[in-house]
Amino acid sequence: MNSLFSYVFYPVVLGLLALSFVKDKKKTLLSLKRAWKMFITVLPQFLAVLFPVGLLLAAMTPEMIQNILGSRSGFAGILISSLVGSVALVPVIIAFPIASELLKSGAGIIQVTVFISTLTTVGIATLPLEIRYLGKKTAVLRNLLAFLFSYVVAFIAGVVAI
Amino acid sequence: MRAVLWIKIFAGMKAIARKHWFLVLALVIHLIVLLFDSSVGMTVLRFTGKNALNFVFLLVPVFLLTGLMDVWIDRETMIRMIGEKSGLRGVLAAFLLGMVTAVPVYALLPVGGILLKKGSRISNVLIFLGASASIRIPLLIFESGSLGFRFAVTRFMANIFAVFAISFIVEKALTGKDKAAIYENAEKSIPQ
């Protein structure tokens, strides 16, 4: 999904850049300079995110996630699913097939939904990066609320989508 | 002479460690893993390398766009569109902007930063980030394919509610001082 989006994103951005260059060379060069500076200043933080992500990816294979989420039911299962979703950084394009398999093998719909929700909205590994841009209070509060609302969304899905 | 040099190097390293403590921590953890279990360590390294490439690939257009937005969009326009007094129209604009993008939240943070720098309302930035994380039109099609139409649509609707609720609750929780600090930070994080 992400790379697919990039295939659309790249031509669009390059087109805008070309348009900008035609309109005003100086401004365009300034924009490139600023883009580069921004990139360099946050690069260490992005790299800092990459290592934990690498660790998590090595530790959590799709099979393992399926085992953790599939084997437990009830509230413990929901809690574990949401915690796994919060720390994992699996691309959604991989997560949906996992979720589909889980549902087929009998996992509860609430567990699966809470996993997808936390996966997409809560980012423990990327929290330092978020703090840099949004400030500590906003970033922590946003993640905390996203965690809680993942439960709300999951329960709604559990009630409606059966 | 030599001792002075070492002290200087040490001081420099300390400064780097303090500034990028998270990166240093991540590297130390990784080193420990590598020492304990070299095969797992190598797997991590491989994943990290592959991820780094994906990251750069994903981030290059994001930063190019951020740079363009910085020079072309003037503050007044942005404030009018999604600023403090933009009202419902601003909310809608932020929501639609987020809905059509499909990159992970962390990749969109620089864009969030530039929106703040240009005077966007904080809740609108959060709506933008939230919508791009959990309300994605391209993803909806894929989700219905693997999890069923009814499930996907239910989640879609519930997520819209969640994104707005989170954004407004966070904004309500922020004091005037908090907000001023966020805008000041946004100003600093985008170099001139």
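Residues numbered from 1 in each chain as written. Chains lettered and ligands numbered in written order. Predicted model: local features only at pLDDT ≥ 70, side-chain atom pairs only at ≥ 80, totals over all residues. Heavy atoms only, no water.

*Asks:* Mind showing me how you'd approach the overall build of chain B here?
*Replies:* Tallying secondary structure elements over chain B gives 10 helices and 0 strands in all. Scaling as 2.2 N^0.38, a compact globule of 192 residues should have a C-alpha radius of gyration of about 16 Å, whereas chain B reaches 21 Å, well beyond that. With respect to the principal axes defined by its C-alpha atoms, chain B has extents near 65 × 45 × 30 Å. In chain B, buried positions account for 48% of the 192 residues. Within chain B, contacts between residues at least 6 apart in sequence are counted, and of these 75% link residues at least 24 apart. (Helix = DSSP H or I, 4+ residues; strand = E, 2+ residues; numbered from the N terminus. Rg over C-alpha atoms; globule rule 2.2 N^0.38 Å. Buried < 20%, exposed > 50% of the residue type's maximum accessible area, 1.4 Å probe, protein only. Contact = heavy atoms within 4.5 Å.)

*Asks:* Would you take a moment to explain a nonpolar patch on the surface for this structure?
*Replies:* There is a patch of nonpolar side chains on the surface, built from Tyr7(A), Val8(A), Val12(A), Leu16(A), Leu19(A) and Phe57(B) and spanning about 580 Å² of accessible area. Positionally, Leu19(A) belongs in helix H1 (residues 2–23). Among the residues examined, Leu19(A) registers a relative accessible area of 53% and is labelled exposed. (Patch = residues over 30% accessible without salt bridge, like charges linked within 9 Å, V, L, I, M, F, W, Y side chains within 5 Å. Areas by Shrake-Rupley, 256 points an atom, 1.4 Å probe, with all protein chains shown as cover. Salt bridge = Lys/Arg side-chain N within 4 Å of Asp/Glu carboxyl O.)

*Asks:* Sorry, what's going on with empty space enclosed by the protein here?
*Replies:* Taken as a whole, this structure holds 3 cavities of 30 Å³ or more when the rule is applied. What the largest cavity holds in volume is close to 150 Å³. Forming the walls of the largest cavity are 17 residues, and the residues nearest its centre are Thr121(A), Ala146(A), Ser134(B), Val163(B) and Ile166(B). For the lining of the largest cavity, the residue count by class is 8 nonpolar, 8 polar and 1 charged. Approximately 80 Å³ is the volume found for the second largest cavity. Around the second largest cavity sit Thr120(A), Ala133(B), Ser134(B), Ile135(B), Arg136(B), Leu139(B), Leu140(B), Glu143(B), Ala152(B), Arg155(B), Phe156(B) and Asn159(B), which together line it. When residues of the lining of the second largest cavity are traced back to their parent elements, those giving at least two are helix H7 (122–134), helix H8 (137–147) and helix H9 (149–173) of chain B. Element by element, the count of residues in the lining of the second largest cavity is highest for H9(B), at 4 residues. When the residues that make up the lining of the second largest cavity are grouped by side-chain class, the tally is 6 nonpolar, 3 polar and 3 charged. (1 Å grid on protein atoms, 1.4 Å probe; cavity = no way out; pocket = protein on both sides within 12 Å on 5 of 7 lines; lining within 4 Å. Points joined across faces, edges and corners; volume = space filled by probe spheres on them. Nonpolar A, V, L, I, M, F, W, Y, C, P; charged D, E, K, R; others polar.)

*Asks:* Just checking my understanding: could you explain the packing of aromatic side chains for this structure?
*Replies:* Pairs of aromatic rings are described using the distance from one ring centre to the other and the angle between the two planes. Inspection of the entire model under this criterion finds 7 aromatic pairs over all chains. Here the aromatic rings of Phe39(A) and Phe63(B) are separated by 5.3 Å at their centres, their planes lie at 70°, and the arrangement is edge-to-face. Placement of Phe39(A) in helix H2 (residues 25–59) and of Phe63(B) in helix H3 (residues 38–72) is noted, with the two residues assigned to different chains. The same class applies to Phe39(A) and to Phe63(B), which are both buried. (Phe/Tyr/Trp six-rings, centres within 6.5 Å; stacked < 30°, edge-to-face > 60°.)

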